[in-house]
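Below, each chain spelled out in residue letters.
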Amino acid sequence: MKFNDFKKALIFASFVLLFSFMASVQAEASHWADKDLKEWDRLGLIKSTDYSYGDFRPDDYITRAEFMSFINRMKGYTVRSPRVGDYWDVKPSDWYYDTVSIALAAGYINGVSADKMSPNHHITREQAMTILTRVNSAYSKVDSIKNAKDGYMVADWARSSVSACISEGYVSGDKGMISPKNNITRAEAVVMLNRVYSDTRVFGLAGTYDLSGKSVKNIEVFASGLSLKNFSVKNKLLLREGIEGRLRIEDALIDGDVLVKSGSLDLEDVKIKDVLRLEGGSTLLDGESEVEKVIIADACSLKNRANSYKNLERIWIHEDAGDELISLTGDFYRVENDADYPILRLNGEIDKLVLNDSIKIKGDGKVDDVDREARRVKIRLMDEDGDYETLADNIYHFKVDGDDYDEADEDEDDEDDEDEEDGDDDYYERMAKKFEKKHRYIRREGEQTHLVRQVGYRVCFR
């Protein structure tokens, strides 16, 4: 072969390797288990040199020896057992010799017979769950296998272990199935083991789960028809996107955040010490439920049926909510708006509405006090068809009891605004006298003057 031909062939081979590498990286980046795989790679729980070049092959079935190596690294096991010499298919020259020796010393693995380990054989999902319950001493008081559509396929010897993995949130299934007889892939093994390592429980099968007072770091839910009770969460409870039905949580203490993206969530006797963030769905607070702070960041519904309306310290309509429809039902102590013209459907009462930006209000509710934080802020009251039935410019322009909005009033108000800017101390008093002609009554409290609408909206001039 001529030198030039060799050079061309070398360049071609380099391009092939480059594109193969890029394709493997892209495939890894879009893998469903990418988050867990990268985390384990970062922690050194899987071989970084293999995974970084795409050689980990996450969709390949895992062997018994590979599964043992994952567990040993995850748990930090290092003690070895001489019993490894009892198995003729585990030789000192094999890469997994120490791995099997450590697994035997930890007590979570047995041979397939007295003298055979079958380290290169694939492992089924129900076998993996059985090993996991030995590692983590998991158990279940109830039979959670019935929550899986294919639970009848679980072998008798594995039933208690599979039930424990479902009840503890280590196995969440896919579309209601747990596929106990299928071989488990490397990615599936990492995801399942990482739930143990990170203390994150995931529930994806409809049913009732009593966690018996356990304290866990994180909980994720992605199925409807599910009830969780009697637990505490140290960090976060997440309701994933795509939930269409109802979920129920009761008797729980959550030290961190709760994130709701979809579904209908009922909270009874639940205390959230940090933030309840609503990005979709509907949420009901009942019983003795308490929330430190609610952040509304997208279209959603919040209903307060708890024993005390002051169970919600603060509701904040975040600027991310934009002009979405937000529904509030029940009594609320304080609502603050930072979004630009969200539509608030109110069926209940708000003690204090703080407006940092403009808002549209509809429904049959009542607002006791409106606190305007900027002169540019506007309120528009709407009927259910979206038509403006009342126009409120700069808080104090209203159409009340059938009186039309008068453009001349706006000019007078502009003059009053100028007076205020010039430091006119009688500004609020003159505003009260002006509106006395149009409204039923004026109520004075100290040096503040409150304009009260008969239909229930009271505007506070500050």
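Residues numbered from 1 in each chain as written. Predicted model: local features only at pLDDT ≥ 70, side-chain atom pairs only at ≥ 80, totals over all residues. Heavy atoms only, no water.

**Student:** Whenever I open this one, the nonpolar core confuses me. Can you help?
**Tutor:** As a rule of thumb, nonpolar side chains are buried together in soluble globular proteins. Of all hydrophobic cores here, the largest spans 103 residues; its most connected members are Phe67, Ile219 and Leu328. Top contributing element to this core by residue count: helix H8 (residues 186-197), with seven residues. Not counting the four nearest positions on each side in its chain, Phe67 is found in contact with Ile62, Ile123, Ala128, Ile131, Ala189, Met192 and Leu193. (Core = buried A, V, L, I, M, F, W, Y, C linked by side-chain atoms within 4.5 Å. Buried < 20%, exposed > 50% of the residue type's maximum accessible area, 1.4 Å probe, protein only. Helix = DSSP H or I, 4+ residues; strand = E, 2+ residues; numbered from the N terminus. Contact = heavy atoms within 4.5 Å.)

**Student:** Would you mind going over H8 with me for this structure?
**Tutor:** Think of an α-helix as 3.6 residues a turn; residues three or four steps apart then line up on the same face. Compared with an ideal rise of 1.5 Å per residue, which puts 12 residues at 16 Å, H8 spans 16 Å between its outermost C-alpha atoms and is within 8% of the ideal. Turning to H8, its buried residues number three or more, namely Arg186, Ala187, Ala189, Val190, Val191, Met192, Leu193, Asn194, Arg195 and Val196. Where the residues of H8 are buried, they touch helix H2 (34-43), helix H4 (64-75), helix H6 (125-136) and strand E1 (200-203). Immediately beyond the C-terminal end of H8, within one or two residues, lies Asp199, with a positive phi of roughly 55°. (Expected span 1.5 Å × (residues − 1).)

**Student:** Can you walk me through the pairing of E1 in this structure?
**Tutor:** Every regular strand shows the same layout, with side chains that alternate between the two sheet faces. Judged by which residues are buried, E1 turns out to be covered on both faces: Thr200 and Val202 on one side and Arg201 and Phe203 on the other are all buried. Sheet topology places E1 next to strand E2 (residues 207-221); four bridges connect them, and they run parallel. Of the residues in E2, the one forming a bridge with Val202 is Glu220. (Pairing = 2+ DSSP bridges.)

**Student:** Is there a simple way to think about helix H5 (residues 97-106) in this case?
**Tutor:** Restricting attention to buried positions, one finds in H5 the residues Thr99, Val100, Ser101, Ile102, Ala103 and Leu104. Buried residues along H5 sit in contact with H4. Trailing H5 by a residue or two, Gly107 shows a phi angle of about 85°, which is positive.

**Student:** Got a minute to help me understand the pattern of salt bridges in this structure?
**Tutor:** When the charged atoms of two side chains with opposite charge come close together, those side chains can pair. Here the structure, examined in full by the defined rule, presents 24 salt bridges. One salt bridge connects Asp286 with Arg305, and the closest N-O pair in it is separated by 2.7 Å. On the criterion of sequence distance, the pair formed by Asp286 in strand E7 (residues 282-287) and Arg305 in strand E9 (residues 300-306) is long-range, its members being 19 residues apart. The exposure class assigned to Arg305 is partly exposed, which follows from its relative accessible area of 43%. With a closest N to O distance of 3.6 Å, Glu336 and Arg334 form a salt bridge. When its relative accessible area of 28% is taken as the criterion, Arg334 is described as partly exposed. In this structure, a network of salt bridges that share partners links the residues Glu168, Asp199, Arg201 and Lys214. (Salt bridge = Lys/Arg side-chain N within 4 Å of Asp/Glu carboxyl O.)

**Student:** Looking at this model, I keep getting lost on unusual backbone geometry. Mind explaining?
**Tutor:** Excluding glycine, a negative phi dihedral is what most residues carry, and trans is how most peptide bonds are arranged. Phi at Ser212 takes a positive value of approximately 55°, unusual for a residue other than glycine. The topology assignment puts Ser212 in strand E2. Positive phi is not limited to glycine here, since Tyr341 has a value of about 55°. Along the chain, the position of Tyr341 falls in the loop between strand E11 (325-337) and strand E12 (343-355).

**Student:** Can you help me understand the confidence of the model for the chain in this one?
**Tutor:** Put simply, the chain has an average pLDDT of 80, and 74% of its residues get 70 or more. A low-confidence stretch, residues 48-53 (pLDDT under 50), is modelled with 14 contacts involving residues beyond four sequence positions or located in other chains. (pLDDT = per-residue confidence, 0-100.)

**Student:** Would you mind going over the environment of Val291 with me for this structure?
**Tutor:** By the element assignment, Val291 lies in strand E8 (residues 290-296). In this structure Val291 comes out as buried when scored by relative accessible area, which is 2%. Measuring from C-alpha to C-alpha, the distance between Val291 and Glu313 comes to 6.8 Å, with 22 residues separating the pair along the chain. Look past the residues within four positions of Val291 in its chain and what remains in contact with it is Ile272, Leu276, Leu285, Asn311, Leu312 and Glu313.

**Student:** Would you explain the packing of H2 against H8 in this entry?
**Tutor:** Angle between the axes and distance between the axes are the two parameters that describe a pair of packed helices. Two numbers describe how H2 lies on H8: the axes approach to 9 Å, and their chain directions differ by 70°. In terms of orientation, H2 and H8 fall into the roughly perpendicular class. The hand of the H2/H8 crossing is left-handed. Each of Asp36, Leu37, Trp40 and Leu43 in H2 lies in contact with H8, whose residues at this interface are Ala187, Val190, Val191, Leu193, Asn194 and Tyr197. Looking at the contact of H2 with H8 residue by residue, the class counts come to eight nonpolar, one polar and one charged. (Axes fitted to C-alpha atoms, helices over the stretch in contact; angles between N-to-C directions. Parallel < 35°, antiparallel > 145°, perpendicular 65-115°, else oblique. Left-handed = near helix turned anticlockwise from the far one by under 90°. Nonpolar A, V, L, I, M, F, W, Y, C, P; charged D, E, K, R; others polar.)

**Student:** Teacher, can you tell me more about the side chain of Arg195 here?
**Tutor:** By secondary structure assignment, the location of Arg195 is in helix H8. With no salt bridge to any partner, buried Arg195 finds its closest opposite charge in Asp36, at an N-O distance of 6.4 Å. Excluding its chain neighbours within four sequence positions, the residues that come into contact with Arg195 are Gly169, Tyr170, Val171, Ser172, Thr200 and Val202. (Lys, Arg positive; Asp, Glu negative; His and termini not counted.)

**Student:** Help me understand the packing of aromatic side chains, please; the structure alone is not making it clear to me.
**Tutor:** Both the distance between ring centres and the angle between the ring planes are used here to describe each pair of aromatic rings. In this structure the tally under the stated criterion is five aromatic pairs. Judged by centre distance (5.4 Å) and plane angle (80°), the rings of Trp95 and Tyr96 are edge-to-face. Classification of Trp95 as partly exposed rests on a relative accessible area of 49%. Residue class for Tyr96 comes out buried when judged on its relative accessible area of 6%. Taken together, a centroid distance of 5.0 Å and an interplanar angle of 50° make the contact between Phe203 and Tyr209 tilted. As far as burial versus exposure is concerned, Phe203 and Tyr209 are alike and both buried. (Phe/Tyr/Trp six-rings, centres within 6.5 Å; stacked < 30°, edge-to-face > 60°.)

**Student:** Help me understand a negative patch on the surface, please; the structure alone is not making it clear to me.
**Tutor:** Taken together, the side chains of Asp274, Glu288, Glu290, Glu292 and Glu313 define an acidic patch exposed on the protein surface. With respect to the helices and strands, the residue Glu290 is situated in strand E8. (Patch = residues over 30% accessible without salt bridge, like charges linked within 9 Å, V, L, I, M, F, W, Y side chains within 5 Å. Areas by Shrake-Rupley, 256 points an atom, 1.4 Å probe, with all protein chains shown as cover. Charge placed at Lys NZ, Arg CZ, Asp CG, Glu CD.)

**Student:** Sorry, what's going on with the pairing of strand E5 (residues 257-260) here?
**Tutor:** Where strand E3 (residues 226-239) lies against E5, four bridges are found, and the strand directions are parallel. By the bridge assignment for E5, Leu238 is matched with Leu259. In this structure, E5 lies alongside strand E6 (residues 264-278), joined through three bridges in parallel fashion. Its bridge partner being in E6, Val258 is matched across the sheet by Leu276.

**Student:** What is the right way to read the environment of Lys214 from this model?
**Tutor:** Looking at the secondary structure, you find Lys214 in strand E2. It is 8.6 Å that separates the C-alpha atoms of Lys214 and Val233, two residues lying 19 residues apart in sequence. Those residues within four positions of Lys214 in sequence are excluded, and the remaining contacts are Glu168, Arg201, Asn230, Phe231 and Ser232.

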